[in-house]
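Coordinate analysis (summary)
One letter stands for each residue in the lines below.
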Amino acid sequence: MADKQYCLSVHYGQQQMRADQTGAHPVIVEFTRLLIRRLRVLDVPMYPHCVWRTKADQESAFVRGVTTVRYPDSAHNWGCATDIVHGLKHWGLTPKQWSIVGHIGFEIAHQRGFKLVWGGDDPGVNDAFDWDPAHWELADWRAHMIAR
Ligand SMILES: [Zn+2]
């Protein structure tokens, strides 16, 4: 998952700008920055694919089967979630590689006192949990449902 050469590329730099983080919850913005930076030190190129998802984007994702959640029931609809993926493999890391990302993410959250839920953290019960290891959201995001 490490790729020092790619970390130095223009494309990697452009990927950092992909997601619109304007007005997103400050914890999400800070967590996204810190997790990407911590992995970058290890030569692992990650970037934020999505932070905000508009109503139109959410409904489109639902229709395409990308998500089982409709607007406004995603933390992305309120700037309270971030999807952080690999610059070259995107969502295609192995479960073991994702578990490293998860471990580092929780380490950062613990150090900063951020209360986050990780989409890769399968509670292991028979529910409708969708394994989505790119996804991090505020545990209490429903308290932040403020129109953009
Ligand atoms: Zn997500």
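In the nomenclature of an unreviewed UniProt entry, the chain corresponds to M15 family peptidase from the organism Mesorhizobium shangrilense.

Okay, the layout of surface pockets next. Taken as a whole, the largest pocket encloses approximately 840 Å³ of empty space. In terms of lining, the largest pocket is formed by 35 residues, of which the most central are Arg53, Thr67, His76, Asp132 and His135. Where the lining of the largest pocket is concerned, the elements lending two or more residues are strand E1 (46-50), helix H4 (55-63), strand E3 (116-118) and strand E4 (135-138). The greatest single-element share of the lining of the largest pocket, amounting to four residues, is contributed by H4. Residue composition of the lining of the largest pocket, by class: 14 nonpolar, 10 polar and 11 charged.

Let us look at the coordination of the zinc ion. At 2.0 Å from the zinc ion lie its protein donor atoms, namely His76 (NE2), Asp83 (OD) and His135 (ND1). Each donor residue of the zinc ion belongs to the same chain, with the gaps between them written as H-x6-D-x51-H. Exposure remark for Asp83: the relative accessible area of 6% places this residue in the buried category.

In spatial order, the strands read E1-E2-E4-E3; together these four strands make up an open sheet with antiparallel pairing. Whereas interior strands pair on both sides, the edge strands pair on one side only; in this sheet they are E1 and E3. Neighbour-to-neighbour, the strand axes of this sheet turn through a mean angle of 30°, independent of strand direction. When strand E2 (residues 81-86) meets E4, the two strands line up antiparallel, connected through three bridges. Counted as the bridge partner of Thr82 is Trp136 from E4. This element, helix H5 (residues 95-112), spans E1, E2, E3 and E4 of the sheet and lies at about 175° to E3.

All right, on to the nonpolar core then. If you look at the biggest cluster of nonpolar residues, it comprises 35 residues, and the most contacted ones within it are Phe31, Leu35, Met46 and Leu116. When residues of this core are traced back to their parent elements, those giving at least two are helix H3 (26-41), E1, E2, H5, E3 and E4. No other element matches the seven residues that H3 contributes to this core. The contact partners of Met46, leaving out residues within four places of it in the chain, are Tyr12, Gln16, Ile36, Leu39, Ile84, Val85, His86, Gly87, Leu93, Trp98 and Val101.

This part covers the pairing of E2. Burial of E2 is extensive: six of the six residues sit out of reach of the surface. Sheet topology note: the E1/E2 ladder contains four bridges and is antiparallel. Looking across to E2, one finds that Met46 is bridged to His86.

Tallied over the full model, the rule gives eight salt bridges. Measuring nitrogen to oxygen at the nearest pair gives 3.8 Å for the salt bridge that ties Lys4 to Asp43. In this pair, Lys4 is assigned in helix H1 (residues 4-7) and Asp43 in the loop between H3 and E1, connecting sequence segments 39 residues apart. A salt bridge links Arg38 to Glu107, with the shortest nitrogen-to-oxygen separation between them at 3.1 Å.

Parameters at a glance
Each residue is numbered by its place in its chain's sequence as written, counting from 1. Residues qualify for local features only when their pLDDT is at least 70, as the model is predicted, and side-chain atom pairs are given and counted only at 80 or more; totals for whole chains, interfaces and linings, by contrast, use all residues. The basis for the side-chain values is all heavy atoms of the structure; hydrogens and waters are excluded. Grid spacing is 1 Å over the protein atoms alone, the probe is 1.4 Å, and a cavity is where that probe fits but cannot get out, while a pocket is an open set with protein on both sides within 12 Å along at least five of seven lines and lining residues have an atom within 4 Å of a point. Grid points are joined across faces, edges and corners, and a volume is the space filled by probe spheres set on the points. Every helix listed is a DSSP run of H or I at least four residues long, and every strand listed is a run of E at least two residues long, numbered separately from the N terminus. Gly is put with the polar residues, along with every residue not named as nonpolar or charged; the nonpolar set is Ala, Val, Leu, Ile, Met, Phe, Trp, Tyr, Cys and Pro, and the charged set is Asp, Glu, Lys and Arg. A donor here means any N, O or S atom no more than 2.8 Å from the metal (3.2 Å for Na, K and Ca); water is not included, so a site may seem to lack partners. Exposure categories follow from relative accessible area, calculated using a 1.4 Å probe and restricted to protein chains: below 20% of the type maximum is buried, above 50% is exposed, and the middle band is partly exposed. Strands qualify as paired when DSSP identifies two bridges or more between them. The convention used is that axes are lines fitted to C-alpha atoms, helices contributing only their stretch in contact, and that angles between N-to-C directions extend from 0 to 180 degrees. Contacts are residue-level and defined by heavy atoms, with any inter-residue pair within 4.5 Å sufficient. Only buried residues count toward a nonpolar core. Its members are Ala, Val, Leu, Ile, Met, Phe, Trp, Tyr and Cys residues joined through side-chain atoms within 4.5 Å. Note on definitions: salt bridges are taken to be side-chain nitrogens of Lys or Arg within 4 Å of carboxyl oxygens of Asp or Glu.

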